[in-house]
Amino acid sequence: MKMPGLEYSGVKNIDGPLVFVDNIRNVAYDELVVITAPNGEERMGQVLDVTATSAVVQVFGGTDALSPAGTRARFLGESLRIPVSREMLGRVFDGLGRPKDGLPMPLNADYLDVNGLPVNPYAREYPRDFIQTGISAIDLMNTLVRGQKLPIFSGNGLPHNRIAAQIARQARLLNEEVDFAIVFAAMGVKHDVAHFFIDSFQSSGVLNNVAMFLSLADDPSVERLITPRSALTLAEYLAFTEGMHVLVLITDMSNYCEALREISTARGEIPSRKGYPGYLYSDLASIYERAGRLRDGSGSITQMPILTMPSDDISHPIPDLTGYITEGQIVLERDMFQRGIYPPVAGLPSLSRLMKDGIGKDRTRADHPRVASQLFAAYSKVKDIRSLASVIGEEELSPVDKLYIQFGHEFENRVIGQGEFENRTIEQTLELGWDVLKILPRAELLRVSEEELQQYYDQAPQVETLR
Amino acid sequence: MSSDHREHIGEIIRVNGPIVEARHMEHAGMLEVVEVGAMRLIGEVIKVHRGAATIQVYENTSGLSPGEEVICTARPLSVRLGPGLLGTIYDGIQRPLDRIAAISGAMINRGEKADPLDPARTWHFQPQCKPGDRVTTGTPFGEVQETLSINHRLLTPPDVSGTIVSIVPEGDYTGEHHLAIVKLDKGGERPLTMFQHWPVRLPRPVRQRLSLRQPLLTGLRVIDAFFPIAKGGAAAIPGGFGTGKTMTQQALAKWCDAHIIVYIGCGERGNEMTEVLREFPELVDPRSGRSLMERTILIANTSNMPVAAREVSIYTGITLAEYYRDMGYDVAVMADSTSRWAEALRELSGRLEEMPADEGFPAYLPARLAGFYERAGKVETMEGKEGSVSVIGAVSPPGGDFSEPVTQHTSRFIRCFWALDRDLANARHYPAISWKNSYSEYLVDITDWWKNQDLDWATNRQVIMEILQEETALQQIAKLVGPDALPEGQRLTLLIADIIKNAFLQQNSFDEVDMYCSPGKQSWMMAMLVKFTLRTRDIIRRGGALADIQKLPGLDRFLRMKSEIPNGDTQAMAALEQLLSNGLDALERKFVE
Ligand SMILES: Nc1ncnc2c1ncn2[C@@H]1O[C@H](COP(=O)(O)OP(=O)(O)O)[C@@H](O)[C@H]1O
Ligand SMILES: Nc1ncnc2c1ncn2[C@@H]1O[C@H](COP(=O)(O)OP(=O)(O)O)[C@@H](O)[C@H]1O
Ligand SMILES: [Mg+2]
Ligand SMILES: [Mg+2]
């Protein structure tokens, strides 16, 4: 019935990234299309809306140099698939899964639909295995677990790439050597960003375990819509068919969202906030939800998307909707960055939702949940006292409040702050946490238990405090 | 019926995401269920115009093309009712996800179908009527022990009225088995079975609505003591991401004193449903002593599942709730999140090219919200018993800004508003329910109930609320001059407010002892706070020093009473009371002399 490969010569009109094709037959929604430009160059596209005789096609390669009369459209009768295989590790692909490293297509690959299928919640396994990243701001305060989706909310010029690379370099499960892979997707970032990651993977000797999908700043923007899906399709295969533990790094989701807005505008859709389409939430969810673990005991997908918040605004639709979907967020703070603190992880707005089940007795250490809660509580008090101090002056603060100011300083510099190549164990991190808590009077520490105070606060000698 | 199917087949003429248009649909009615395309995807007719129908499809339409068939079923979208619902996880159109997983594996394939209730499973049926008995809507004709804690009462469906001709004896039967035959008043006969259907968009009939009198006890102090919800009430819980909507709903689903919980995950995370699935079977209901899963039904239409099914999921959920209400149970519905439901409406409306109102939402958003929350209530059932459906809807305002349309419209249809506060959540003060911006209009309805338990409840509550209000005002001044510049009496108020916040309002859902606080312990804690307030104020008035109060023996234990004293441990309560009282006595003596 269907005639895959049927080609139509000439299209009705071209608008932004969209091509409108007329007088067609038997075209399916979401079907793949090859658009041939007048100069013979081929570009991929996808059907967004179809009637009995016409179709709207979004062209991943962009519509530059297309003209209605000279353009041809070939409908392939299937949706977009990419090759998946273990051999893809160590390789570089474009956003649509085509080799970009001059090597041939992988042999023996399966071909899978880039959109994947929704995971049945009944078939999921709740993620709770602690991943030690060696970064205290994460391990202690915003713990990452295997199978979590935890984005980095950053801003222009903040060191999100260095942090992501440090995590990729240091992340390991406590007491376990596992079959792991990294899948890296880059959308709309510059070549030097891609090279930074390649160098970083290379110097830590993992490059052969990394598959890269690059759709860089000078590639057509529509390709960015497929790039994370290609990466996640491979990740799902590696995790759930090959049983590997996969870390997926995606940068930069803001560029992805802009491409989505561009398509939506071209289609004349009614925008929701800031011109983004009303379905931005569902669209982002179709990416972020492709993480986790399954009951059958296979591997896992841990997702770490990076996004830059326009004007550092966390209520902007991109970070806002992301935060509603992901299992927490690591928020970077410009103020801490300017004070020279690395990693500048904001203490209060950062959150790991899966931390609660990944830490504590038999996982990290029994006191971990309460130490973290106490640090959050104390640090939030620091913020209040700092604003009071800015009104009445630091000298006028009560003695206890002065201790809080000191605590805040030590917490930011010694617990949050660390070296880019410093890899702390969870025990070292917890000791540092107690060290700074000892600056505060015992009576202030209500979130930790009496026994914990006896074990960790009373026993060890008081730390040397700052003047 | 299947013989005349030929006449009821239309043809697809357009596919635009989940919206499909078809022609030759003269026979289709509004809200009729249709099967779309070769994959027979489930859809619902949402517009008919001159033989053309607009259909919203509950599954991904990728690969569907114009020219494929649309088969009409002549039925509205319905749920299947009967024993076997409890403990099950369904998707938005009531497909059982456990059985779908058994058929199609970890990922949900399209067009997959499975019976919502297992037709092969037998249930032990106990008849409750005999030949010659009259039955009409709501008359019980038998019962089945669905789980060890829930007795499933089989009621005559709403369109049946007549006389029992025959009924099977006690025994094990399947859901479709004809248990009884009714001779209908309008003529003809009709079998009664355990399984029934009900259209999800139609509220089930009741005799009358009753006024609300009893609190739905949640075990969360900030709710029960400050902003209580009544059984049969409706509450909204709005908050930005990460402020605690889901945790609060899960805590309520675990510990509230409803008989049945319907938990709807509407456009939220898959893992959160998995969490409930893994956790609830292990938790024991403090009232029945049985596993919490035995009283729970889950509806999961997560954010990555088709958006049209998200729209229908809350109706599926509330219809199941009404069904158990009609048996005389108190049912609580958690809907997380109603904003995702509203967004599904918006997305579908946009594809239909309807005129948008506020922020792209369709103009009928408030009417739909009202229709949903109106299905909450305490009722006299058709049988003449009392039952209730309480609804707790999470709202996810963009940017955490409550002035947006979903929060605003919702607040018109609920009477209890638990506003989650970003600053509290950032300080990890959970539940982050703001005592400044929340309210409950049910307070007046349920105060008498509390008075029966504890004469001082209302006055104690008042004293505590007033301290918090005073504190808010004092903080304004303290921000300018520093708290130490305030007089002793005001600094005492700040201290007490701090104690109320830390020792009473803040309640960690992961604390073994404090995750659930019994009404008795709540009353006692409130009484302790008030006693402490009155006595320390008196001491300061007589010239006592705040520093002495801060050094009071037992104060640290007072501050930890929520997690150190288990529910019902009256000995420990009395001991702490004595300890504090001795300390205060000593201070008082100091100033009397
Ligand atoms: N509203 C409905 N939605 C879906 N299926 C239905 C609905 N009503 C009936 N059915 C199904 O159709 C079949 C016959 O329906 P039933 O109500 O048993 O009619 P009758 O008892 O008059 O034959 C059964 O398989 C039943 O499950
Ligand atoms: N009552 C509570 N007790 C302890 N932790 C809580 C509580 N409420 C929220 N949290 C913490 O806040 C995080 C986010 O809560 P959640 O309910 O998922 O937020 P939302 O649904 O509003 O996005 C949780 O993962 C948990 O760490
Ligand atoms: Mg029948
Ligand atoms: Mg939530």
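Quick caveat: nothing in here was measured; it's all calculated off a predicted structure. (Residues numbered from 1 in each chain as written. Chains lettered and ligands numbered in written order. Predicted model: local features only at pLDDT ≥ 70, side-chain atom pairs only at ≥ 80, totals over all residues. Heavy atoms only, no water.)

**Focus: the overall build of chain A**
Regarding its fold elements, chain A presents 13 helices and 21 strands. By the compact-globule yardstick of 23 Å for 467 residues, chain A fits well, its C-alpha radius of gyration being 25 Å. Its C-alpha atoms put chain A at 80 × 50 × 40 Å along the principal axes. Split into buried and exposed, the 467 residues of chain A put 61% on the buried side. As displayed, chain A offers around 16,900 Å² of accessible surface, 50% of which is attributable to carbon and sulfur atoms. (Helix = DSSP H or I, 4+ residues; strand = E, 2+ residues; numbered from the N terminus. Rg over C-alpha atoms; globule rule 2.2 N^0.38 Å. Buried < 20%, exposed > 50% of the residue type's maximum accessible area, 1.4 Å probe, protein only. Areas by Shrake-Rupley, 256 points an atom, 1.4 Å probe, with all protein chains shown as cover.)

**Side note on the confidence of the model for chain B**
Per-residue pLDDT for chain B has a mean of 94; in total, 98% of the residues score no lower than 70. Among the prediction metrics, the complex's ipTM stands at 0.93, with pTM recorded as 0.94. (pLDDT = per-residue confidence, 0-100.)

**What about the nonpolar core?**
Ranked by internal contacts, the top residues of the largest apolar core, which has 167 residues, are Phe 226, Tyr 324 and Trp 418 of chain B. Per element, the largest residue contribution to this core is 10 residues, and it comes from helix α5 (residues 307-325) of chain B. (Core = buried A, V, L, I, M, F, W, Y, C linked by side-chain atoms within 4.5 Å.)

**Section: empty space enclosed by the protein**
Across all of its chains, the model carries eight cavities of 30 Å³ or more by this definition. Estimates place the volume of the largest cavity at around 970 Å³. The wall of the largest cavity is formed by 38 residues, among which Tyr 29, Asn 115, Arg 229, Asp 283 and Ser 286 of chain A lie closest to the centre. For the lining of the largest cavity, the elements supplying multiple residues, two or more each, are β5 (42-51), α4 (227-241), α5 (253-266) and α6 (280-288) of chain A together with α5 and α6 (338-351) of chain B. A breakdown of the residues in the lining of the largest cavity according to their chemical character gives 15 nonpolar, 12 polar and 11 charged. Within this model, the second largest cavity holds a volume of roughly 190 Å³. The wall of the second largest cavity is formed by 20 residues, among which Ser 272 and Leu 321 of chain A together with Glu 343, Arg 346 and Pro 398 of chain B lie closest to the centre. Residue assignment for the lining of the second largest cavity shows that the elements contributing at least two residues are α6 and α7 (317-325) of chain A together with α6 of chain B. (1 Å grid on protein atoms, 1.4 Å probe; cavity = no way out; pocket = protein on both sides within 12 Å on 5 of 7 lines; lining within 4 Å. Points joined across faces, edges and corners; volume = space filled by probe spheres on them. Nonpolar A, V, L, I, M, F, W, Y, C, P; charged D, E, K, R; others polar.)

**Brief notes about the interface of chain A and chain B**
Taken together, the 71 residues of chain A in the interface contact 73 residues of chain B. In terms of surface lost to chain B, no three residues of chain A exceed Tyr 29, Pro 121 and Tyr 324 of chain A, which account for 13% of the buried area on that side. Taken together, the connections running from chain A to chain B amount to three salt bridges. One salt bridge in this structure joins Arg 14 of chain B and Asp 49 of chain A, with 2.5 Å as the shortest N-O distance. In this assembly, chain A and chain B are joined by 34 residue pairs in polar contact (both at pLDDT 80 or more). Breaking the side of chain A that touches chain B down by element, the ones donating at least two residues are β5, β11 (124-125), α6, α7, α9 (355-358), α10 (368-392) and α13 (450-458) of chain A. The residue inventory of the side of chain A that touches chain B, partitioned by class, reads 37 nonpolar, 17 polar and 17 charged. As paired strands, β5 of chain A and strand β1 (residues 9-16) of chain B are joined by two bridges and run antiparallel to one another. The residue bridging Thr 51 of chain A from the neighbouring strand is Arg 14 of chain B, located in β1 of chain B. (Contact = heavy atoms within 4.5 Å. Buried area = accessible area lost by both parts, 1.4 Å probe. Salt bridge = Lys/Arg side-chain N within 4 Å of Asp/Glu carboxyl O. Polar contact = N/O pair within 3.5 Å; in protein donor to acceptor, adjacent residues only side chain to side chain. Pairing = 2+ DSSP bridges.)

**Focus on unusual backbone geometry**
Cis geometry marks the peptide bond from Thr 251 of chain A to Asp 252 of chain A; its omega dihedral reads 5 degrees. Mapped onto the elements of the fold, Asp 252 of chain A is located in the loop between β17 (245-251) and α5. Between Tyr 430 of chain B and Pro 431 of chain B the backbone carries a cis peptide bond, its omega angle lying at -10 degrees. A positive phi angle, near 55 degrees, is found at Asn 26 of chain A, a position not held by glycine. Summarising the element assignment, Asn 26 of chain A is placed in the loop between β3 (18-21) and β4 (32-36). Look at Arg 50 of chain B: it is not a glycine, yet its phi comes out positive at around 45 degrees.

**Here's the deal with the site of ligand 1**
Residues and elements named next belong to chain B. The immediate surroundings of ligand 1 are formed by Arg 75, Ser 78, Arg 80 and His 197. In the model, an oxygen atom of ligand 1 is placed 2.8 Å from a nitrogen or oxygen of the Arg 75 side chain. Within the contact set of ligand 1, a nitrogen atom lies 3.3 Å away from a side-chain nitrogen or oxygen of His 197. Bound to the protein, ligand 1 loses 43% of the 530 Å² it would expose on its own. Of the pockets mapped on this structure, ligand 1 occupies the second largest pocket. (Near = heavy atom within 4 Å. Sits in = over half its atoms within 2 Å of the grid points.)

**A short note on the sheet that holds strand β16 (residues 189-192) of chain B**
Residues and elements named next belong to chain B. In spatial order, the strands read β10-β13-β15-β16; together these four strands make up an open sheet with antiparallel pairing. The sheet is open, and its two edges are formed by β10 (134-135) and β16, each paired on a single side. Inspection of the sheet shows strand β13 (residues 162-167) paired to strand β15 (residues 180-184) by five bridges, in the antiparallel sense. Opposite Ile 167, over in β15, you have Ala 180 as the bridge partner.

**Observations concerning the site of ligand 2**
Taken together, 15 residues lie around ligand 2, and Arg 353 of chain A together with Gly 242, Lys 245, Thr 246 and Met 247 of chain B are the ones closest in. At the site occupied by ligand 2, the surrounding residues belong to chains A and B. Gly 244 of chain B places a polar main-chain atom, nitrogen or oxygen, 2.9 Å from an oxygen atom of ligand 2. Calculation on ligand 2 without its partners gives an accessible area of 550 Å², and the protein chains cover 94% of this total. If you tally residues by element for the shell around ligand 2, the top one is helix α3 (residues 245-255) of chain B, at three residues. Of the residues contributing to the shell around ligand 2, the split by class is four nonpolar, eight polar and three charged.

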